[in-house]
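Here is how the chains run, residue by residue.
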Amino acid sequence: MSQIGDAAITPQKLFPELIPREAHNMRNSDLSPNTLKVLQHLITKGYKAYAVGGCIRDKLMGSKPKDFDVVTNATPDQIKECFRNCRLIGRRFRLAHITFGREIIEVATFRGHHDAEPATQASTPEEPTNNKPNPRSKRKIDDGVLAKKNEAGQLLRDNIFGSIEEDAARRDFTFNAMYFDVSDESILDFAKGLDSISSRTIVMIGDSAIRFREDPVRMIRAIRFACKLNMRLPDVLSLSIQKHAYLLANIPPARLFEEVSKLLLSGTGEATFVSLLKHNLLSQLFPLLAALLKDDSSKEYQFICNMLRNTDKRINNDQRITPAFLYAAFLWYPMEERAQELMFDSTMPLHDAINLASAEILQQQSRRIMIPKRFSTPVREIWALQLRLQRRQGKRCLQLLTHPKFRAAYDFLLLRASVEGGNLLELANWWTNIQEVSSNQQTKMVNELPNKSPRKRPKRKPKK
Ligand code: ATP
Ligand code: MG
C-alpha cells in the first residue's frame, strides 16, 4: 500500500475508498448548476468526470463550496470538442476554461507521473476515438515539451496525462484527493482525506521535501488551509516548510499574485500573516516589509495586524475588499522610509519623494509578486492621497471628499492613526468629523484651522 504523509517516497498511484452517498452530505445541488452541466455533459459523451478539490473538502467541513474544480480523462482537445464555449489556457499546466456568462468552469485532465513518462518532445498527436479517450494522448504545446523539471526538482511544465489513480497521487494534501461523482453522488477518497478532515490535521501526500521541491507554492497552500480551515499543521510539516521556504524564490512573480491574494484574503488573514512569519515565508513574499518587522510590538507589525483584522471582519461580513488596500498597507512603511531617504539624500520635496519612492517600491515588490496595474494604480493613489489629506488649508481640500479613492485613503489614514496616534489621530478625527456636518459647517472647520503648512522635512531616522 502506498504510504501517505512524510514517507520516503511519493506514491505513484493511490487506490480509492468508495464513500456512498448515504455516508456523507455532499449532493449534486451543492455544485453550481453550470458545474453540474459540464460534468453531466462529459459523462454523456463517454468520459469520466468528477468534481474535485476544495468544493468537496469545504462541504465536508461544513462550509459552502464556492469554487468548483472539474477533472476528467478527456484531454484538453477532447474537452474543447465537447463545448462550444471552451478555451484552452496555460502552458505550465494546460487546462480548459468553459465560460457561462461570468462563471468560468475550470476543467483539468488527469495528470500522470513524470517518471512514468520521461520529459520528452511530443510525438505525433494520437487521434482519440470519441468514447475511448487515450489518457496518454499527447498534443504539441508550443515547443512540444510536455514535462520539464529544473535541477531543484521543480515542475516547470506539467502536461503528462494519466489515470485517476495517478492524478490522485499528484495532488497536494489528502483532503484534496477526493473525487465526487455526480452520477451517483458518491465520493472516491484516494488518500484517507476523510480521516484528515475528522482529525483536523493537514496531511501531505508523499514526502514533503520532494513535494515542496516539485512545487514550492504547496507551502503557501499548507499555511492557507491550516489557517482558513483551522486545522493542525503537524510539526514535521511545519519544520519542512521552514526549511524549504527559500524555494519560493523560484516561483514566477506572476503566479504568486493569485496565490498570495487567496492567502491573505481568506477571512483569516491575521493568523495567516503570523504563520507566514513563523515559517520564514514572509521574507520570501514581502522582503521589504519583513526587513522592517523588528518584533510584534513594532508599529509596522501592529499596522499590518490591524489592517488584516479589519479585512478579516469585512470578509466575514460579506463586505467589499480589494487587494489594492492590502498591498498599500504591506508596502507603506517601506515606501515611507524610501521617501525619507530620497528627501535627505537629494533636496527633493516631499511630494516628489513620495512619487519616486512609490514607483521604486512597487517595482521592487513586483520582482517577487507581480501586482497587476489595476491594483498598483490604486495603491499609488491611496499613498498620494495621504499627503493631500494632510494639507487641509483652503477650501479646495473639501473636494477630496468626492474623490473616487477618498474612502480608501481615509480608511488608510485611520489605520495609520491607530498605530501612530499623535497628530495623525487629530488629522483622522478631523476627517471623520467633516464628513458628518453640513457644508456650511465644513467651510467653518476649514477656516478655523491654524494657518500653517505641513512640515516638509521630517526628522531623519537614525540609520540602523
Ligand atoms: P480553493 O479553491 O478553496 O482555494 P482548492 O484546493 O480547490 O482550494 P485550487 O487551487 O482550486 O485549490 O486547486 C484545485 C485542486 O487542485 C486542489 O484541491 C488540489 O487537489 C489540486 N492542486 C492545486 N494546486 C496544487 C499544487 N500546487 N500541487 C498539487 N495539487 C494541487
Ligand atoms: Mg478550488
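Everything quoted here is computed from the prediction, not taken from an experiment.

### A word on the coordination of the magnesium ion (ligand 2)
Only D67 (OD) and D69 (OD) from the protein coordinate the magnesium ion (ligand 2), and they sit 1.8 to 2.3 Å from it. The partly exposed category is assigned to D67, whose relative accessible area is 41%.

### Quick word on the pairing of strand 2 (residues 49-52)
Burial along strand 2 is two-sided: A49 and A51 facing one way and Y50 and V52 facing the other are all buried. Here strand 2 runs beside strand 3 (residues 69-72); their pairing, made up of four bridges, is antiparallel. Looking at the pairing, V52 lines up with D69 of strand 3. In terms of strand pairing, strand 2 meets strand 9 (residues 178-181) through two bridges, oriented antiparallel. Paired with V52 across the bridge in strand 9 is Y179.

### What about the sheet that holds strand 1 (residues 17-19)?
Read from one edge to the other, the open sheet built from eight strands follows the order 1-10-9-2-3-6-5-4, with strand pairing classed as mixed. Pairing within the sheet leaves two strands with one partner each, and these edge strands are strand 1 and strand 4 (86-89). Each neighbouring strand pair of the sheet contributes to a mean axis angle of 30°, computed without reference to strand direction. By the bridge criterion, three bridges tie strand 1 to strand 10 (residues 186-189) in an arrangement that is antiparallel.

### Thoughts on the site of ligand 1
Residues in contact with ligand 1 amount to 18 residues; listed here are only the nearest, R57, D67, D215, R218 and R224. In this structure, R171 approaches ligand 1 through a side-chain N or O atom, which is 2.9 Å from an oxygen atom. One of the backbone N or O atoms of D172 is found 3.3 Å from a nitrogen atom in ligand 1. For the shell around ligand 1, the leading source of residues is helix 7 (residues 217-228), giving five residues.

### Description of the pattern of salt bridges
Note that side chains of opposite charge can pair when their charged atoms are close. Following the criterion strictly, the structure yields 14 salt bridges and no others. A salt bridge links R21 to E185, with the nearest nitrogen and oxygen atoms 2.7 Å apart. Of the two residues, R21 sits in the loop between strand 1 and helix 1 (33-44) while E185 sits in the loop between strand 9 and strand 10, which places them 164 residues apart along the sequence. One salt bridge connects D172 with R221, and the closest N-O pair in it is separated by 2.5 Å. Of this pair, D172 sits in the loop between helix 4 (164-169) and strand 9 while R221 sits in helix 7; the two residues are 49 residues apart in sequence, bridging distant segments of the chain. What emerges from the salt-bridge pattern is a single network uniting R211, E214 and R218.

### Here's the deal with the environment of L285
Within the secondary structure, L285 sits in helix 11 (residues 282-285). Note on L285: relative accessible area 0%, which makes it buried. In this structure L285 touches I220, L248, L256, V260, L263, L276, Q365, R368 and I369, once residues within four positions along its chain are discounted.

### What about helix 18 (residues 422-434)?
The α-helix winds at 3.6 residues per turn, so residues separated by three or four positions along the chain end up facing the same way. A rise of 1.5 Å per residue sets the reference length of helix 18, with its 13 residues, at 18 Å; its end C-alpha atoms lie 19 Å apart and thus fit the reference within 8%. Considered for burial, the residues of helix 18 that qualify are L424, L427, A428, W430, W431 and I434. Along the axis of helix 18, the buried positions cluster into a sector of 155°, meaning they face one direction only. Along its buried surface, helix 18 packs onto helix 16 (373-390), helix 17 (406-420) and helix 19 (439-447).

### What to know about the side chain of R111
Residue position: R111 is located in the loop between strand 6 (103-109) and strand 7 (147-149). Judged by its relative accessible area of 2%, R111 is buried. Here R94 takes part through its backbone oxygen, which lies 2.7 Å from a polar atom of the side chain of R111.

### Some remarks on the side chain of S275
As for its placement among the helices and strands, S275 is situated in helix 10 (residues 269-278). Filtering out sequence-adjacent residues up to four positions away, S275 remains in contact with I223 and C227.

### Notes on the packing of helix 14 (residues 323-345) against helix 15 (residues 350-365)
Each packed pair of helices is defined by two parameters, the angle between the axes and the distance between the axes. Close contact between helix 14 and helix 15 brings their axes to 8 Å; oriented N to C, the two are set at 130°. The angle between helix 14 and helix 15 places the two elements in the oblique class. Crossing of helix 14 against helix 15: the hand is right-handed. For the pair formed by helix 14 and helix 15, the contact residues are L331, P334, M335, R338, A339, L342 and M343 on the first element and L350, A353, I354, L356, A357, S358, E360, I361, L362 and Q365 on the second. By residue class, the composition of the contact of helix 14 with helix 15 is 13 nonpolar, two polar and two charged.

### Points about the nonpolar core
Within the largest apolar cluster, 106 residues are counted, with the highest numbers of intra-cluster contacts made by L31, L42, F273, L285, F286, F330 and W383. In terms of residue count, helix 14 provides more of this core than any other element does, 14 residues in total. What F273 contacts, discounting residues up to four positions off in sequence, is L282, L289, L293, Y301, I304, C305, L308 and F330. Of all hydrophobic cores here, the second largest spans 19 residues; its members include L389, C397, L413 and V446.

### Some thoughts on the pairing of strand 5 (residues 95-100)
Regular strands place their side chains on alternate faces of the sheet. In this sheet, strand 5 lies alongside strand 4 in antiparallel orientation, the contact comprising four bridges. In the sheet register, R87 faces strand 5, and the bridge partner there is H97. Taking the residues that link successive antiparallel strands as the turn, the strand 4-strand 5 hairpin has five residues, and the phi of G90 there is positive, at about 85°. As paired elements, strand 5 and strand 6 share five bridges and run antiparallel to each other. Bridging across to strand 6, T99 finds its partner in I104. Connecting strand 5 to the antiparallel partner strand 6 that follows it, the hairpin turn spans two residues, and G101 within it adopts a positive phi of roughly 60°.

### Quick look at helix 14
For helix 14, with 23 residues, the first-to-last C-alpha span of 32 Å sits near the 33 Å given by 1.5 Å per residue. By the largest-angle criterion, W332 marks the main kink of helix 14, which is about 45°, and a proline, P334, follows within four residues. Sitting at the head of helix 14, T322 places a side-chain oxygen 2.9 Å from the backbone nitrogen of A324.

Quick notes on the rules
- Residues numbered from 1 in each chain as written.
- Chains lettered and ligands numbered in written order.
- Predicted model: local features only at pLDDT ≥ 70, side-chain atom pairs only at ≥ 80, totals over all residues.
- Heavy atoms only, no water.
- Donors = N, O, S within 2.8 Å, 3.2 Å for Na, K, Ca; no water.
- Buried < 20%, exposed > 50% of the residue type's maximum accessible area, 1.4 Å probe, protein only.
- Helix = DSSP H or I, 4+ residues; strand = E, 2+ residues; numbered from the N terminus.
- Pairing = 2+ DSSP bridges.
- Axes fitted to C-alpha atoms, helices over the stretch in contact; angles between N-to-C directions.
- Near = heavy atom within 4 Å.
- Polar contact = N/O pair within 3.5 Å; in protein donor to acceptor, adjacent residues only side chain to side chain.
- Salt bridge = Lys/Arg side-chain N within 4 Å of Asp/Glu carboxyl O.
- Contact = heavy atoms within 4.5 Å.
- Expected span 1.5 Å × (residues − 1).
- Arc of directions from axis to C-beta.
- Parallel < 35°, antiparallel > 145°, perpendicular 65-115°, else oblique.
- Left-handed = near helix turned anticlockwise from the far one by under 90°.
- Nonpolar A, V, L, I, M, F, W, Y, C, P; charged D, E, K, R; others polar.
- Core = buried A, V, L, I, M, F, W, Y, C linked by side-chain atoms within 4.5 Å.
- Bend = angle between axes of the 7 residues up to and from the residue.

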